[in-house]
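Analysis of the macromolecular model
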Amino acid sequence: MTAAGSKRGTALIALGLTKHYGGLVANNDVGMRLTSGEVRGLIGPNGAGKTTFVNLVTGVEVPDAGSVRLGDREITGQEPHLIAEAGLVRSFQMARVFGNLTATENLMIPYFASGAREGAAVGVARARELLRLSALEPLADAPANSLSGGQRMLLQTCAGFMIPHLRVYVLDEPFAGINSVVKDTLIDLIMHENSSRGITFLIVSHEMEIIRRMCPLVTVMIAGRVAAEGTLDEVAAREDVITAYLGRTAA
Amino acid sequence: MMYTTELLIQTVISGLMVGVLYALMALGITFIYSIVKTINWAMGEFYMIGSYIQFVAVHFLLGPNYWWLAVIISTAGTFLAGYIIEPILIKPMYARPMQRRDDYATVVTIALLLLLRSLAVAIGGPNQYRPETNLPIIWLGPLPQEGARVAASFCAVVALGLFWLVIKKTWVGLALRATAQNRVAAQTSGVDVLRLDATAFAIGVAMAGLAGALLAPLFMVFPTNGAVATVKGFEIIVIGGLGSIPGALIGGLLLGLVESLGTSFISSPYQNAYGFLLVILVLIVKPNGLFGEKVREA
Amino acid sequence: MGRRTLMAAVAAMTAHVAFVSTPILAQDPIVLGVIAPLSPPGETALGQLVKRGAELGADYLNEKGGILGRKVTLSIQDSAGKNEQGVAAYRRLVTQDKAVAVFGFVHSGVNIAVNEVAKEMGVPTMGTQTGAGDVTAKKYPIAFRTHAVDPPRAATWVGWIKKNNWKRVAILAETTDFGIGLAKETEKQNKDGNLGLEIQTIMFDRTTTDLLPQLLQVKAFKPDAIVNIGVGQPLELMITQANTVGLLPDVKMVTSYDAPARPQFWQIHGDKWKGVSFIAFYSPKSELSELGKWFAKKYQEKFNEPPVYGALNAFGNAVVFAQAIEKAKSTDPKAMIEALETGSFTGWSAVPVTFPKAEGVLWHNWSPPLMVLTYTAKDQSVGDAEVSYTLDK
């Protein structure tokens, strides 16, 4: 049984999201629906508007038009920390870790920020477990700036898992620039959290092999619009998708 | 004048005693900057507020025996003032996109400075006041020191220790350290940075208020009494590096020492010059201050 | 509240604070300019007293029907004790506000710098409480002063010291025009008059937070008397710390101006008041003019404390300028200056105010009566203080 098949509810729905930067339309009427517990891939050539979409959904930027709902809750244009509180969390392309804080402290921040209702001890235990799963346990008390780039990405991803009420996790290029051992650790971690906690994922990535392994469904964005949705093999067969990717290659 | 080891030790002690109080001022400035990214030019006016509360508490309410309770009240009072003022004056800077944030902060805090001073003149008049003290003269070896001065330094050390505990051991401290390092990342981790700004601003100005309360029996209470402390605070910021907490502490002690040694062993009229000399030396060797990081251009 | 609203509110607040007094009378009023230190590093307590005196001066003049039948308004500017800021204020007063006279000076440096500009622009100035020689010694036609200059002031404490047969004198002076000038003048009078005093002079920075090193040197010198030439905070700090090291109350100390005459002295020093004397220019025992009596009454009513010298002098400057304009029947600077040089005016004191074209620092200078006052009991009022020495004219 896949996690996606276990529940049927809607985790996140975005409707008609539009964002202009001056004359440039970065997102044009973009819509997406994530089913609870699914792991969705978001692909598209560079400049297709994937990061803008992620920013609009997670409150980093405010859309010119459109709406975002997380479960039953309207979250359009809200502050990022309020959206995080509601259960929608994201990671960044460049790992945003706090270099002067230890790995454990990095993980405790989102835990405390989300209320720490179960107490600090539970948080620390959870942080230890996540560090073990990500093979970072020996570095638990080292400052985060002593970690490698891949390890930082792992740590950043773990930080999201520290939020007890995490429902939808948006990962922006989590596999970029990290070695294959760390990649496998990260994939295992994501799939573990997906199956054990039923967390919904939206993964933005260029790594088609990983997307194929992890995501039953992918959404393709081209030039600020949603161009296709389906299995990776289905969308890869589509004419417009091929043209967009080849067009880029040719250019 | 005799240059004895004894005199040297005494000078060092009295330099360090002043230094911890300088450090308190500088720490307040640098701490607010590290979180809110704003230089609070009205820092001396919070020193002034602390000194006035201390005076009122000791003179009218508690009496000199409870000076320590008055110090706690003054610090809490300044904290509260900061916690109320920040959302009104500083928060609009972040609540919506704004160009020229630095200019905004400068204008707003200087206006606050003028407002608070005028308020002090309106309420207390131009007169100088002094909270009574009955602390006895304390002899450090053959060197007599006002009891209030020794008490002020001691309390400043305790306050710095408390600050360290809060920063290192509490959740608010962790959130503050994270925000100081990366504001956006802290926000996306779910930290309510706007509320944290108010807390940081309040903690920073409370340090100035504490310094004002502690020094009130020595340097008195009047509308512009915070000006010298502010100048010293900013000197230390240049020495230690803007936004650096160790820089503020070490810079404060260093400035106290240099002034004290220079005054005793070189020539007394130029107390300020020794401080500025130190500033210039640091600027030549380390333009961003001893502990300063490279300043990012916004 | 929107950002614009907020900025506007802030701007309004700033404006209100910066321009303390705004001319509001429509019908061509006569504007008197005031330049006083209202923010640091200026001596702000004194600046506020000057402001009080000047404002009561304008009140008095308007109550009496103005000057030449015209209303009187003040334009009060802040020098912050800084020369360049004072000069800018003078230019603004003359060119924008059309002030016909400027007074209120407390810092000699500001007064001297302004006079350099004023001698070109022509509007006369009056030093309210500036002591340095060069304020008047340059003999500029526009420069007037109503304050004790260095020679009589130093002569007052030298006379007091001689009267008590003291031999060893420590001078602790701040490194300003004021402190340096008085320290040198005292040494000069000792040398020129063959007085045989042994003088130890120690200078200190006026922003100092600790005078202990200097006072320990003084203690080692074993003086009979200490001359405290600090202004504001260091003056008080020196009294506190002289008690700490055990110099006071046995070694007598005289302060170089009348700070202890202010009511706050008792609040600040409490039981540690013994052994302190002070130079004063006004004691409630001093004889006042009719105008001075009006002022003393109003001041007591308005501020609930007896008037002090700085405020009296600022008031005096305003009414003397007014009388000069009445005498000249004009606000033309040249006519006013001639009236000031030749007339005799009534200020706050019963001693008439004149500005003779005398030699040296006494050029255009009216000096208030000088004395040394000493409290004889705790919480005494200035009126009951002992007059320990009076400088003969």
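Residues numbered from 1 in each chain as written. Chains lettered and ligands numbered in written order. Predicted model: local features only at pLDDT ≥ 70, side-chain atom pairs only at ≥ 80, totals over all residues.

**Points about the overall build of chain B**
When you go through chain B residue by residue, the secondary structure sums to 12 helices and two strands. Reading the helices (α) and strands (β) of chain B from amino to carboxyl end gives α-α-α-α-α-β-β-α-α-α-α-α-α-α. Taking 2.2 N^0.38 as the reference for a compact globule, 298 residues should give roughly 19 Å; the C-alpha atoms of chain B span a radius of gyration of 19 Å, in line with that estimate. Each of the three principal axes of chain B carries a C-alpha extent, and together these read 60 × 50 × 35 Å. When burial is assessed residue by residue, chain B has 59% of its 298 residues classed as buried. (Helix = DSSP H or I, 4+ residues; strand = E, 2+ residues; numbered from the N terminus. Rg over C-alpha atoms; globule rule 2.2 N^0.38 Å. Buried ≥ 20, exposed ≤ 12 C-beta atoms within 10 Å, placed from the backbone.)

**Quick notes on the overall build of chain A**
A tally of regular secondary structure across chain A gives 10 helices and 10 strands. Expected size for 251 residues packed as a compact globule is a radius of gyration near 18 Å; at 18 Å, chain A falls within 12% of this value. Overall, chain A is about 50 × 40 × 40 Å in size when its C-alpha atoms are taken along their principal axes. Within chain A, the proportion of its 251 residues that are buried is 44%. Sequence-distant contacts in chain A: of pairs separated by 6 or more residues, those separated by 24 or more amount to 70%. (Contact = placed C-beta atoms within 7 Å.)

**Details of the interface of chain B and chain A**
With 14 residues of chain B in contact, the opposing surface of chain A contributes 19 residues. Ranked by residues supplied to the side of chain B that touches chain A, first place goes to helix H7 (residues 171–181) of chain B with six residues. Grouping the amino acids of the side of chain B that touches chain A by side-chain chemistry returns six nonpolar, six polar and two charged. (Nonpolar A, V, L, I, M, F, W, Y, C, P; charged D, E, K, R; others polar.)

**Things to note about the interface of chain B and chain C**
Every contact between the two is made by 38 residues of chain B and, on the other side, 37 residues of chain C. Of all the secondary-structure elements, those providing two or more residues to the side of chain B that touches chain C are helix H1 (5–36), helix H5 (101–124), helix H9 (193–219), helix H10 (226–240), helix H11 (245–265) and helix H12 (271–285) of chain B. Of all the elements, H5 of chain B adds the most residues to the side of chain B that touches chain C, at eight residues. Grouping the amino acids of the side of chain B that touches chain C by side-chain chemistry returns 23 nonpolar, 10 polar and five charged.

**With respect to the pairing of strand S3 (residues 99–105) of chain C**
Residue and element names in this part refer to chain C. For S3, the tally of buried residues reaches seven of seven residues, placing the bulk of the element in the interior. Looking at chain direction, S3 and strand S4 (residues 125–127) are connected through three bridges and run parallel. Counted as the bridge partner of Phe105 is Gly127 from S4. In this region the chain leaves S3, passes through helix H4 (residues 108–121) and returns to the parallel neighbour S4; the handedness of that crossover is right-handed. (Pairing = 2+ DSSP bridges. Right-handed = clockwise from strand over helix to strand, strands pointing away.)

**Things to note about the sheet that holds strand S1 (residues 10–21) of chain A**
Residue and element names in this part refer to chain A. What the four strands build is an open sheet, ordered S2-S1-S4-S5; its pairing is antiparallel. Here the strands that pair on one side only, and so sit at the sheet edges, are strand S2 (24–35) and strand S5 (73–74). Of the pairings in the sheet, the one linking S1 to strand S4 (residues 65–70) comprises five bridges and is antiparallel in character. Opposite Ala14, over in S4, you have Val68 as the bridge partner.

**As for the packing of H10 of chain B against H12 of chain B**
Residues and elements named next belong to chain B. As a packed pair, H10 and H12 sit with axes 8 Å apart at the nearest point and diverge in direction by 25°. Taken as axis vectors, H10 and H12 run roughly parallel relative to one another. Where H10 crosses over H12, the two elements pack in a sense that is left-handed. Residues Glu235, Val238 and Ile239 of H10 touch H12, and the partners they reach there are Gly275, Leu278, Val279, Val282 and Leu283. (Axes fitted to C-alpha atoms, helices over the stretch in contact; angles between N-to-C directions. Parallel < 35°, antiparallel > 145°, perpendicular 65-115°, else oblique. Left-handed = near helix turned anticlockwise from the far one by under 90°.)

**Some details on unusual backbone geometry**
Residue and element names in this part refer to chain C. In this structure, Pro249 follows Leu248 across a cis peptide bond, with omega equal to 5°. One can find Pro249 in the loop between helix H9 (233–244) and strand S9 (252–255). Located in the positive-phi region is Lys139, a residue other than glycine, with phi close to 60°. Note that Lys139 resides in the loop between helix H5 (134–137) and strand S5 (143–145). Backbone geometry at Asp379 places phi at a positive 60°, although glycine is not the residue there.

**As for the pairing of strand S1 (residues 30–36) of chain C**
Moving residue by residue along a regular strand, the side chains alternate between the two faces of the sheet. Residues and elements named next belong to chain C. When you tally the buried positions in S1, you get seven out of seven residues, the bulk of the element. Of the pairings in the sheet, the one linking S1 to strand S2 (residues 72–78) comprises seven bridges and is parallel in character. What sits directly across from Val34, in S2, is Ile76. Assessed by its sense of winding, the connection that carries the chain from S1 through helix H2 (residues 44–63) to S2 is right-handed.

**Some words on H10 of chain B**
Residues and elements named next belong to chain B. Along its 15 residues, H10 runs 21 Å from first to last C-alpha, staying within 8% of the 21 Å computed at 1.5 Å per residue. The buried count for H10 comes to 14 of 15 residues, which makes it a mostly enclosed element. Once H10 ends, the next one or two residues include Gly241, with phi positive near 105°. (Expected span 1.5 Å × (residues − 1).)

**Things to note about the nonpolar core**
With 295 residues, the main nonpolar core has Leu24 and Ala211 of chain B together with Leu32 of chain C as its most contacted residues. It is H9 of chain B that contributes the most residues to this core, 19 residues altogether. Setting aside chain neighbours within four positions, we find Leu32 of chain C in contact with Ala58, Val72, Leu74, Ala99, Ala101, Ala318 and Phe321 of chain C. (Core = buried A, V, L, I, M, F, W, Y, C linked by C-beta atoms within 7 Å.)

**Overview of helix H4 (residues 103–113) of chain A**
Burial within H4 of chain A is extensive, with 10 of its 11 residues counted as buried. When we look at burial in H4 of chain A, the residues that qualify are Ala103, Thr104, Asn106, Leu107, Met108, Ile109, Pro110, Tyr111, Phe112 and Ala113 of chain A. Here the buried face of H4 of chain A lies against helix H5 (120–133) and helix H6 (149–161) of chain A together with H7 of chain B. Just downstream of H4 of chain A lies Gly115 of chain A, where phi reads positive at about 110°.

**A look at the confidence of the model for chain A**
Residues and elements named next belong to chain A. In this model, chain A carries a mean pLDDT of 89, and residues with pLDDT of at least 70 account for 95%. For chain A, per-element mean pLDDT is lowest for helix H1 (residues 3–6), which scores 44, and highest for strand S8 (residues 200–204), which scores 96. In the predicted structure, residues 1–7 sits below a pLDDT of 50 and forms 15 contacts with residues beyond four places in sequence or in another chain. (pLDDT = per-residue confidence, 0-100.)

**Brief notes about the environment of Leu147 of chain A**
Residue and element names in this part refer to chain A. By secondary structure assignment, the location of Leu147 is in the loop between H5 and H6. Placed 99 residues apart in sequence, Leu147 and Leu246 show a C-alpha to C-alpha distance of 37 Å. Those residues in contact with Leu147 that sit more than four places away from it in its chain are Leu139, Arg152 and Leu155.

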